[in-house]
Amino acid sequence: MVILNHTKQRSSSSSPIHGHNKYKYDVFLSFCSKDTGRSFTDHLCNAIKHANITTFFDDDLIETGVYLKPGWESAIKASRASVVVLSENYADSQWCLNGLALILKQHLTVIPIFYHVKPSFLEDAMARYRRVMEAMTNEDKRSQLAEKIDRWNKACTQVSTLKGMQLGFDRRETKFIQDFVKHIYHRLRISARTPLPLDRRFHREMKQPNLFKIPFQAIKSYEILKDVLNPILPPSWH
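One structure accompanies this document, and this report is about it. All values reported here derive from a predicted model rather than from experimental measurement.

**Overview of the side chain of T55**
- As for its placement among the helices and strands, T55 is situated in strand β3 (residues 55–58).
- Residue classification places T55 among the buried residues on the basis of a relative accessible area of 2%.

Structure (structure tokens):
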């Protein structure tokens, strides 16, 4: 089963917005279900969905062998970007590694999250695969694994050098998710299609004539704060 969040473009424009309407999904979520499927990534997906970011998230957490599930390849190709949640057992899953290699092959915008790991953990995983390969006596199987390792290593090397975000044990996951959603919302320029949703309290307060009654905790972005205060603050405060 796939959870999708479909967003509607503003009716005022029928032309493509930055050419992005050719994609079915804004984000393809890649993650190790064993590590984060029912915890961090599930919470992240819900937050992304509520920000009106169309997301491909496979909530069937059973990994079916080493090959990609039917529909995954087409979903990756139909996505603008991929959020890759790199966790402890991610690189131990050939399923995850095959998906990562395809994601990078498609030249998507890739935003990695290093979840309780450092980028160097990918190098350690590749070293383990090489040791397994060296211990093989069957030349055909050894050759096949060597080809896979070469493909995986290129993908891991590339993703480890990308600009991403790191979540350590010393940081609250809820705050991290809030910051991350804002990051991809602006990085993917979703604002050109739909505004970032605000909570209901903010909308209620905006209807009141006294702007000073707007609670600051209800204002979700700097742009809104600036638009609200600029007309009433003296020039020296701008």
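**Digging into the nonpolar core**
- If you look at the biggest cluster of nonpolar residues, it comprises 36 residues, and the most contacted ones within it are L86 and L100.
- Counting residues per element, the ones that place at least two in this core are β2 (25–31), α3 (72–77), β4 (79–86), α4 (94–105), β5 (109–115), α5 (121–134) and α6 (139–160).
- Per-element accounting of this core gives the leading share, 8 residues, to α4.
- Among residues more than four places away in sequence, those in contact with L86 are P112, I113, F114, Y115, V117, F121, L122 and V159.

**A few points about the packing of aromatic side chains**
- By the definition in use, this model includes 10 aromatic pairs.
- Here F28 and F56 contribute two aromatic rings whose centre-to-centre distance is 5.0 Å and whose plane-to-plane angle is 10 degrees, an arrangement assigned as stacked. With F28 in strand β2 and F56 in strand β3, this residue pair connects regions lying 28 residues apart in the sequence.
- For F56, a relative accessible area of 6% corresponds to the buried category.
- A ring pair is formed by F40 and F176, whose centres lie 6.0 Å apart and whose planes are at 50 degrees; its orientation type is tilted. Of this pair, F40 sits in helix α2 (residues 40–50) while F176 sits in helix α7 (residues 173–187), and the two are 136 residues apart along the sequence.

Rules used throughout
Residues numbered from 1 in each chain as written. Predicted model: local features only at pLDDT ≥ 70, side-chain atom pairs only at ≥ 80, totals over all residues. Heavy atoms only, no water. Helix = DSSP H or I, 4+ residues; strand = E, 2+ residues; numbered from the N terminus. Buried < 20%, exposed > 50% of the residue type's maximum accessible area, 1.4 Å probe, protein only. Core = buried A, V, L, I, M, F, W, Y, C linked by side-chain atoms within 4.5 Å. Contact = heavy atoms within 4.5 Å. Phe/Tyr/Trp six-rings, centres within 6.5 Å; stacked < 30°, edge-to-face > 60°.

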